[in-house]
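Structural characterization, general
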Amino acid sequence: MKLFAAAAVLSVAVAVGSAAASAEPSDDPRSLFAPASAAVRGGERADPAAPTLFDTSPKSNKSTKSSKKGGLKPQPQTCSLEPGNLCSPNLGLRNPVDMRTCLEQNITQPDADLIWLDHKSEGLPGAERENIVVKKLTFPEDNYAEFAQARLSAGTGGPRVPAGIVYAETVDDVLTAVECARESGVQVSPRGRGHSYQGLSNMDGFFVIDMSLMCNPNNDTRDDVFTIDTTLAGTAWLLGEDQKVLGTIKAGAGCTNAVMLAYTATADEFKDDKGGIFVIGSCPSVGIIGYAVGGGQGEMTPYVGVGVDDAKSYNIVIYNETSGKAEEVTASNLSHPDLYWYLRGSGGGIGVVTAVEKAVIASPEPVEDKRKFTRFRLIYDDIAGNDALIAKFIEGIQDFVIPDEKDPKKYKARVQENSRFGAQALLGGFTGGQFNLRGVWLGSKAELNATLSKYHLLDNDILNEVDNQEFDSYGRAEASHLCSEINLDLPITGSWWPLWTAPTLGSNPFQGDDFYNICAELGLTNDFCDPRAIVALDGTTLPTTAYVPKCDDLTVLDQMVKVATNPASFLNRPGQEIFLLRYLPQILNGTRGPIQSESGGLMLPRLKTETWLKIAKVGVTINHFAHGAPTLVERAATAYANREEVFLVQCTSTDQYAQVAEILTNDHYNVRIEIFRSYTLCWLIQKLNCFPQHRVTVPNCEASTTI
C-alpha cells in the first residue's frame, strides 16, 4: 500500500498500528515496512542518500536514548543493512533461531517470573487466590502452556501464535528486542495491554514486545517515565480562555485507563477542587498508547478532545539507519515534529512507543461553590416502533451535539454548551427496541436538566425513566461508571464483564462461591456486594454465586480508585481470554460454538433523520460521542482523520455491519461501498503532503472515482 510505504520508512518491519493497544498491528498482514533506505516517494524508491521521512539523528542528548553501550553480541545477519539495500525482512528471510539466541544472550533476566495479574495485593487475608505469573521470555516450541499464559489478551477470535513474546521491563529491554528483531529479520508486534478483540497485537509469526509492565505510578526510581509537570498550568485549551490546563502526566506505555483515572483523581495537583480531567475510554483495562496514537474516545472527549489532542509528547523506540542502532527518541512540537504529527492519529506502526505525556484539563468552573459531576441514565424504550417519536429523539440529540450551524462563532458558542455532555447511547440497541442515553455531565443535575430540556430530550412523550446521580469528584464519577459496567447484565447471559476485567474465577468456580467476587478483589467484605445467580445461556442456573459491588456506596467507589493504581490489579487486565480458555464450555452448555471476533464500529457524521431511522431499525450502539472540542481542531493539525465524524457506532455482527453500511452507502454517501469504507484513508493520503520529502499525488476525496 503506497500510503504506508511513504509514511513509515523507519520501521523495524513493525506492523501497521491500531487504536486498541500500543502501536498494535492492523488486520492487514501485508502492511510491512522496508528499511529507511527503501523509502518511497510518490510510488518510487527515494534516493538512499536523501533524508528519511522521520530523521532520527540525535538533536540533543535530551531527546534520544540509544541502545546499551557496546551494542549487542554479534549475530548473523539475514538481511543486510547497508545503504541502497532493498531487502525488507519477510517470512522467507527471517531467522527466529538467531532471534532467540540474540535475546537469550542480551535481554536482562530472560528466565524471570513476572506477576501478570496480582490477586493478592488488596485481597482479604486467607483468600484462596493465586496470582497469574508469566515468563519474561517465552517461545511456543518450548513450553506451550507457559507461552499461552504469556499470550493472554482480550482476544475473542481464536488463539494466535506469535513467534515469541518478551515482557519488557525497561527501555533497554525494548531497545534490545528491536535490535535482535532487526538483525534476525523477524517482524515485531508491539503490545500495549492486548485489548484488541481480534488479537492484532499477537500476530501469527511476529515477535511480540509486551509493554504492560512498563507502568510504574508508585515507583520513584523511574521519575523520567511517570512524572507530573505543571509548566503549562493556566494556559488555555481547545475551548478557549475559560478552559485551562492544570499540567501534564508522563506515563509508561503499559498504563491503562484505570491507572490514569486513579492517578489523576488522587494527585495533589489535580484532585478534588482542582477538578482535573484525564481523558480515558470506557474499559478500565484498555492501554493508553493505542488510545493516544489512534484517536481514542471517552466520556470526557467532547470537553478535552480525542486521545491524540491532549498528547504533548511521545517516547518511541525506532531503528536508526544511520547509526545502525535502535534508539528511543522524543517526538513533540519541538523535537521530531513530523514524527509527532504522524503519531497523533496514525495508529502507530513505525516503532514501539515507550511513554506518552498527556495534558490534564480543569473541569468547568462551578456555578455554585463546588464542582459537580453528574452521571445520568435516560430511558426512552417506549418510543420503539413509533417513527415520529424516534425521529424526535434523534433530532434532539443531533441538534444538541452537532448543530447544523455554518457560522463559526455561533458554532463555537454551541460547543461551549454541548462539550460538557459525554455520552453513550442505544439507538435500537441490539434488539431494535432499546433507546437510551447514559454518561456524564460536567456540572450539576439542575444544569443538565435545564440544558436537555431545551432540546426536548426530557419531554414526557419520549422519556420513560431518569436515573441521575451527582458526585463531588471526577474520580468517584468515573469509578461509578466502571462499577456499573462490571455490574452489568448479570446473570451471565450477554454479560460484558469478562471483557473488562480479570476477577477471581477460582479453581472450580462452578462448584463454589468464588466464581466472580469483586469484593474479594477490592479487599472488602461481602457486605459491600450483592449476591447474584449465574445462569448459563441455556437457562440453567449454575451451582455458584457471583458477588457484584454496590455502586451507590462511596466506600466501594473509593476502594476501586485505590485498587486501580496497581497496574497488575484485576481492573487493569482484560479477562476475556482467561474466561474463554477456561470456562466457556460450561457457560455455553453446548448451546453454541465459540464467540467470534467483534465486527468493529463506524465513525459517522451528522445524518438525515430518515437515515438514522433506518439504522435504528437494525439496532446499534453509539459507544462514544466525539462532538464538541475535537471538532474545533483543524483537520491538518494531526493525522487523526475523523474530525467531522462524531458518532462511534458499534455493530455486533457482520450481518448488522453489512445492513448499516448499505444504508449509509445508499442514503448518505451515495457512492460505492468500497468508497465509503476507504473515505478516511483517502483523507490521510491527502495529509501526507505535509511531508516535504515525500510528496504524493493528492486525491480528491469527494470524487466517487478516487479509490
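Values in this document were obtained by computation on a predicted structure and should not be read as measured data. (Residues numbered from 1 in each chain as written. Predicted model: local features only at pLDDT ≥ 70, side-chain atom pairs only at ≥ 80, totals over all residues. Heavy atoms only, no water.)

Once that is clear, we can look at the nonpolar core. Formed by 169 residues in total, the largest nonpolar core has its most connected members in Ile209, Met260, Tyr314, Tyr380, Phe421, Leu437 and Phe647. Tallying contributions element by element places helix H9 (residues 387–401) first for this core, with eight residues. Not counting chain neighbours up to four residues away, the residues in contact with tyrosine 314 comprise Ala292, Val293, Val308, Val329, Thr330, Ala331, Tyr340, Leu343, Arg344, Val353, Ala355 and Val356. (Core = buried A, V, L, I, M, F, W, Y, C linked by side-chain atoms within 4.5 Å. Buried < 20%, exposed > 50% of the residue type's maximum accessible area, 1.4 Å probe, protein only. Helix = DSSP H or I, 4+ residues; strand = E, 2+ residues; numbered from the N terminus. Contact = heavy atoms within 4.5 Å.)

The topology assignment puts valine 360 in strand E16 (residues 352–362). Residues within four places of valine 360 in sequence aside, it is in contact with Val245, Leu246, Gly247, Thr248, Ile249, Thr264, Phe270, Gly276, Ile277 and Phe278.

Examined against the element boundaries, serine 184 turns out to sit in helix H4 (residues 171–184). Relative accessible area serves as the criterion here: at 0%, serine 184 is assigned to the buried category. At a separation of 2.8 Å, a polar atom in the side chain of serine 184 contacts the main-chain carbonyl oxygen of cysteine 180. (Polar contact = N/O pair within 3.5 Å; in protein donor to acceptor, adjacent residues only side chain to side chain.)

The buried fraction of helix H17 (residues 609–618) amounts to seven of the 10 residues, a majority that puts the element mostly inside the structure. Every buried residue belonging to H17 is among Thr609, Thr611, Trp612, Leu613, Ile615, Ala616 and Val618, and all of these are buried. In the stretch just after H17, glycine 619 is the one whose phi turns positive, near 95°.

Looking now at the packing of aromatic side chains. A complete count under the given rule lists 12 aromatic pairs for this structure. Look at phenylalanine 139 and phenylalanine 207: their rings are 6.3 Å apart centre to centre, the planes differ by 40°, and that puts the pair in the tilted class. Of this pair, phenylalanine 139 sits in the loop between strand E6 (137–138) and helix H3 (144–150) while phenylalanine 207 is found in strand E9 (residues 207–210), placing the two residues 68 residues apart along the sequence. Here phenylalanine 139 matches phenylalanine 207 in class, with each residue buried. Seen from their ring centres, tyrosine 314 and tyrosine 340 are 6.2 Å apart, and the 55° between their planes marks the pair as tilted. Highlighted residues: tyrosine 314 in strand E14 (residues 311–320) and tyrosine 340 in helix H8 (residues 337–343), separated in sequence by 26 residues. (Phe/Tyr/Trp six-rings, centres within 6.5 Å; stacked < 30°, edge-to-face > 60°.)

This brings us to the packing of helix H12 (residues 474–486) against helix H15 (residues 554–564). H15 packs onto H12 with a crossing angle of 95° between their chain directions and a minimal axis gap of 9 Å. Looking at the two axes, H12 sits roughly perpendicular to H15. The segment H12 lies against H15, with Gly475, Arg476, Ala479, Ser480, Leu482, Cys483 and Ile486 engaging Leu554, Val556, Leu557, Asp558, Met560 and Val561. Grouping the constituent residues of the contact of H12 with H15 by class yields nine nonpolar, two polar and two charged. (Axes fitted to C-alpha atoms, helices over the stretch in contact; angles between N-to-C directions. Parallel < 35°, antiparallel > 145°, perpendicular 65-115°, else oblique. Nonpolar A, V, L, I, M, F, W, Y, C, P; charged D, E, K, R; others polar.)

Once that is clear, we can look at the state of the cysteines. According to the stated counting rule, one finds four disulfides in the structure shown. Between the sulfur atoms of cysteine 215 and its disulfide mate cysteine 255 the distance is 2.1 Å. Disulfide cysteine 215-cysteine 255: torsion about the S-S bond near 100°, hence right-handed. You can see cysteine 215 sitting in the loop between E9 and strand E10 (227–229) and its partner cysteine 255 sitting in the loop between strand E12 (240–252) and helix H5 (257–266), a full 40 residues away along the chain. Taking relative accessible area as the criterion, cysteine 215 reaches 5% and is therefore assigned buried. (Disulfide = S-S within 2.5 Å.)

Taken together, the side chains of Asp381, Asp382, Glu465 and Asp467 present a region of like negative charge at the surface. Inspection of the secondary structure assignment puts glutamate 465 in strand E20 (residues 465–471). (Patch = residues over 30% accessible without salt bridge, like charges linked within 9 Å, V, L, I, M, F, W, Y side chains within 5 Å. Areas by Shrake-Rupley, 256 points an atom, 1.4 Å probe, with all protein chains shown as cover. Salt bridge = Lys/Arg side-chain N within 4 Å of Asp/Glu carboxyl O. Lys, Arg positive; Asp, Glu negative; His and termini not counted. Charge placed at Lys NZ, Arg CZ, Asp CG, Glu CD.)

As a further point, take H4. Taking 1.5 Å per residue, 14 residues should reach 20 Å; H4 reaches 20 Å between its end C-alpha atoms and fits that length. Across the 14 residues that make up H4, a large majority, 13, are buried. (Expected span 1.5 Å × (residues − 1).)

Turning our attention to the sheet that holds strand E8 (residues 188–191). Here four strands make up an open sheet; going across it, the order is E6-E7-E9-E8 and the pairing mixed. The two strands at the open ends of the sheet, each matched to only one other strand, are E6 and E8. Looking at chain direction, E8 and E9 are connected through four bridges and run parallel. Bridging from a neighbouring strand, proline 190 pairs with isoleucine 209 of E9. (Pairing = 2+ DSSP bridges.)

For a regular strand, side-chain orientation follows a simple rule: the groups alternate between the two sheet faces. Residues Phe207 and Ile209 point to one face of E9 and Val208 and Asp210 to the other, with burial holding for every one of them. In the sheet, strand E7 (residues 164–167) pairs with E9 via four bridges, with the strands oriented parallel. From the neighbouring strand, glycine 164 faces E9, where its bridge partner is phenylalanine 207.

Relative orientation of the contacting elements helix H2 (residues 96–106) and H4 amounts to 150°, with a least axis distance of 9 Å. For the element pair H2 / H4, the angle class is roughly antiparallel. The crossing of H2 and H4 is right-handed. Seen from H2, the contacting residues are Asp98, Met99, Cys102, Leu103 and Asn106; seen from H4, they are Thr176, Ala177, Cys180, Ala181 and Ser184. Residue classes in the contact of H2 with H4 are distributed as six nonpolar, three polar and one charged. (Left-handed = near helix turned anticlockwise from the far one by under 90°.)

With that out of the way, let us pick up the pattern of salt bridges. Taken as a whole, this structure holds 27 salt bridges when the rule is applied. The partner of glutamate 141 in a salt bridge is arginine 100, with the nearest N and O atoms 2.9 Å apart. Separated by 41 residues along the polypeptide, glutamate 141 in the loop between E6 and H3 and arginine 100 in helix H2 bring together distant segments of the chain. With a relative accessible area of 55%, glutamate 141 lands in the exposed category. Note that lysine 271 is salt-bridged to aspartate 268, the shortest N-O span being 3.3 Å. Look at lysine 271 and you get partly exposed, because its relative accessible area is 28%. Taking the relative accessible area as the measure of exposure, aspartate 268 reaches 54% and is therefore exposed. It is possible to trace a salt-bridge network through shared partners that takes in Arg100, Glu104, Glu141 and Asp142.

It is worth spelling out unusual backbone geometry at this point. Here the phi dihedral of histidine 336 falls at roughly 55°; this positive angle occurs in a residue that is not glycine. Its location among the elements puts histidine 336 in the loop between strand E15 (325–332) and H8. At histidine 456, a position not held by glycine, the phi torsion is positive, near 65°. Mapped onto the elements of the fold, histidine 456 is located in the loop between helix H11 (445–454) and E20.

A separate point is the confidence of the model for the chain. Here the chain averages 76 in pLDDT, while 69% of its residues score no lower than 70. Low confidence marks residues 506–510, where pLDDT is under 50. Its contacts with residues over four positions away, or in another chain, come to 14 contacts. A low-confidence stretch, residues 673–707 stays under pLDDT 50, and its non-local contacts, those more than four residues away or across chains, total 75 contacts. (pLDDT = per-residue confidence, 0-100.)

A separate point is the pairing of E15. Among the eight residues that make up E15, seven are buried, leaving the element largely enclosed by the rest of the structure. As judged from the eight bridges shared by E14 and E15, these two strands associate in the antiparallel manner. Paired with tyrosine 314 across the bridge in E15 is alanine 331. Connecting the antiparallel pair E14 and E15 is a turn made up of four residues, with glycine 324 showing a positive phi of about 70°.

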